[in-house]
Amino acid sequence: MRVGKALATLLVSAMAVTPACTIASEDAIDKKDAICNRAGQWINPASGNAVAPDQIMRSAAETGIVLMGENHASLEHHRWQAQTLAGLHALKPYMTIGFEMFPRTVQSALDRWSSGELSQAAFLTESRWSEVWGFDADHYMPLFDLARQNRLPMLALNVDRSLVGRIGREGWSAVPKGERQGVSKPAPASEAYKDSLARVFMTKMQHATPGGSWGEHNDSSQQKADYKPEITVETVMAMESFTRFVEAQLVWDRAMAEALLTAKRADPERLVVGVMGSGHLDGGHGVPHQLAAMGWTDVSVLLPMDTGDDCRDMKPTLADAVFLVAPMPQSQSTLSGHRSGVPRGPRLGVIIETAEAGVRVLRVMDDSVAQSAALAAGDIITQAAGLAVKENSELITIIRRQAPGTWLPLVIRRGDQSLSVVVKFPPTETVAK
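The structure displayed is predicted, hence computed values, not measured ones. (Residues numbered from 1 in each chain as written. Predicted model: local features only at pLDDT ≥ 70, side-chain atom pairs only at ≥ 80, totals over all residues. Heavy atoms only, no water.)

Some thoughts on the overall build of the protein
Within the protein, the regular secondary structure consists of 17 helices and 14 strands. Partitioning the intrachain contacts of the protein with sequence separation of at least 6 by distance along the chain shows that 68% fall at a separation of at least 24. Roughly 18,300 Å² of accessible area belongs to the protein as shown, and the carbon and sulfur atoms make up 52% of that amount. (Helix = DSSP H or I, 4+ residues; strand = E, 2+ residues; numbered from the N terminus. Contact = heavy atoms within 4.5 Å. Areas by Shrake-Rupley, 256 points an atom, 1.4 Å probe, with all protein chains shown as cover.)

Take a look at the structure:
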């Protein structure tokens, strides 16, 4: 991975001070366990050693573009982002913050918010938050508030999902140049990136459902038709549907890289920070790869990571620096039927996206009412409370109206079956589910 000179110097120094963690001895294993079980510290993945936070902040602030990852559903990751943004801003107040969460078509709402013209509710409405993203807005508001309070420009990094979806179905070459929303042809994926995407694609084919930030654009019915239990990474890579999947992912990466680089070149003295899913950053394969292909390598990649097994399995090339947070299962983002600034109602406990014929369940949270009702990833919710639902926002509105202790009838499509499900909300909300 290519990094800024200051951060590269810091990490090389850290490696020189303390030998790299390996699994070659019991002492090394014990050391890695001790580091990986302690939240609240920065780690150099290349060495496995802890690095002082002030060194990380000063070095990252000296690079031209800083990329910060996240698990969209993790509240702790968003808390880390807010903390890190504040630290970078203290050192480099002349800053622009770009967000994967917004397509370019809502840029005017971001401009009005950061200039102080909009209320929180108006900002979420004008930016079409429930439609274009849908994860818990409360988790992101500290980032948006930091930009507003300091009058920092916010940048919409994404393109409309319709473009990514079309490329996922038809391929890059099938989309006319004038319909690519200004995105130039992406640099080809590295073999390592294709390998990681193939493993994601295999999982999607098996479950026939998109998920997370990787695949809202995919044709899950085609994936299901292609899936065979004995399938391998090699056979996946030979599939035409996988080729289109990779092309769609590359367009996503390229669009964000172009937006960040355009902002940086327009104002070279400004620190440009990009906030996006870690899948676009891991190993430098996604957005950093596209930036490098456009001639920009002065980049720092900072990622949050849960303590425990993920940390122990950390690859040396994962990022320039990683911050360890304690896993908080009860802080996962769920569909609560509210927007920030609106009193909370019952929480269903799912991550969703708008599908062709309803609202697709991407993930069901543990110990949620959705899990109790036996909802599953891949279910398509077509009706709620007797009303047809075709978009995320419609389902959110219905759930917002429910009182604690009520029953909510749903109609779902699961494969070829249409099922009736009744969700029972608890009398009071005792956990953030």
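Focus: the nonpolar core
Within the largest apolar cluster, 48 residues are counted, with the highest numbers of intra-cluster contacts made by Phe102 and Phe144. Counting residues per element, this core draws most heavily on helix α8 (residues 137–149), at seven residues. Not counting residues within four places of it along the chain, the set of residues in contact with phenylalanine 102 comprises Leu110, Phe123, Ser127, Trp129, Phe144, Met154, Ala156, Leu157 and Asn158. By size, the runner-up hydrophobic cluster in this structure holds 41 residues, among which are Cys36, Val175, Trp252 and Met305. (Core = buried A, V, L, I, M, F, W, Y, C linked by side-chain atoms within 4.5 Å. Buried < 20%, exposed > 50% of the residue type's maximum accessible area, 1.4 Å probe, protein only.)

A look at the side chain of serine 278
Counting through the fold element by element, serine 278 comes out in the loop between β6 (271–275) and α14 (287–293). Within the structure, the side chain of serine 278 is placed 2.9 Å from the backbone nitrogen of glutamate 70, a separation counted as a polar contact. Excluding residues within four positions of it along the chain, serine 278 makes contact with Gly69, Glu70, Asn71, Leu303 and Pro304. (Polar contact = N/O pair within 3.5 Å; in protein donor to acceptor, adjacent residues only side chain to side chain.)

Points about the pairing of β6
Burial within β6 is extensive, with five of its five residues counted as buried. On β6, burial covers both faces: Leu271, Val273 and Val275 on one face and Val272 and Gly274 on the other are all buried.

Looking at the packing of helix α9 (residues 161–170) against helix α13 (residues 240–266)
At a minimum axis separation of 7 Å, α9 and α13 run at an interaxial angle of 155 degrees. Between α9 and α13, the angle is such that the two are roughly antiparallel. Crossing angle aside, the handedness with which α9 passes α13 is right-handed. Contact residues: Leu163, Val164, Ile167, Gly168, Arg169 and Glu170 in α9; Arg244, Glu247, Ala248, Val251 and Trp252 in α13. Among the residues making up the contact of α9 with α13, the classes are represented as six nonpolar, one polar and four charged. (Axes fitted to C-alpha atoms, helices over the stretch in contact; angles between N-to-C directions. Parallel < 35°, antiparallel > 145°, perpendicular 65-115°, else oblique. Left-handed = near helix turned anticlockwise from the far one by under 90°. Nonpolar A, V, L, I, M, F, W, Y, C, P; charged D, E, K, R; others polar.)

A closer look at the sheet that holds strand β5 (residues 154–158)
Hydrogen bonding along the main chain pairs the strands of a sheet, whether they run parallel or antiparallel. Taken in spatial order, the eight strands make up an open sheet running β2-β1-β8-β7-β3-β6-β4-β5, and their pairing is mixed. Single-partner strands in this sheet number two, and they are β2 (49–51) and β5. Put simply, the sheet's adjacent strands are angled 30 degrees from each other on average, direction ignored. As paired strands, strand β1 (residues 42–44) and β2 are joined by three bridges and run antiparallel to one another. Bridge assignment links tryptophan 42 to a residue of β2, and that residue is valine 51. The strands touched by helix α5 (residues 107–114) are β4 (95–103) and β5; relative to β5, the strand with the most contacts, the crossing angle is about 155 degrees. (Pairing = 2+ DSSP bridges.)

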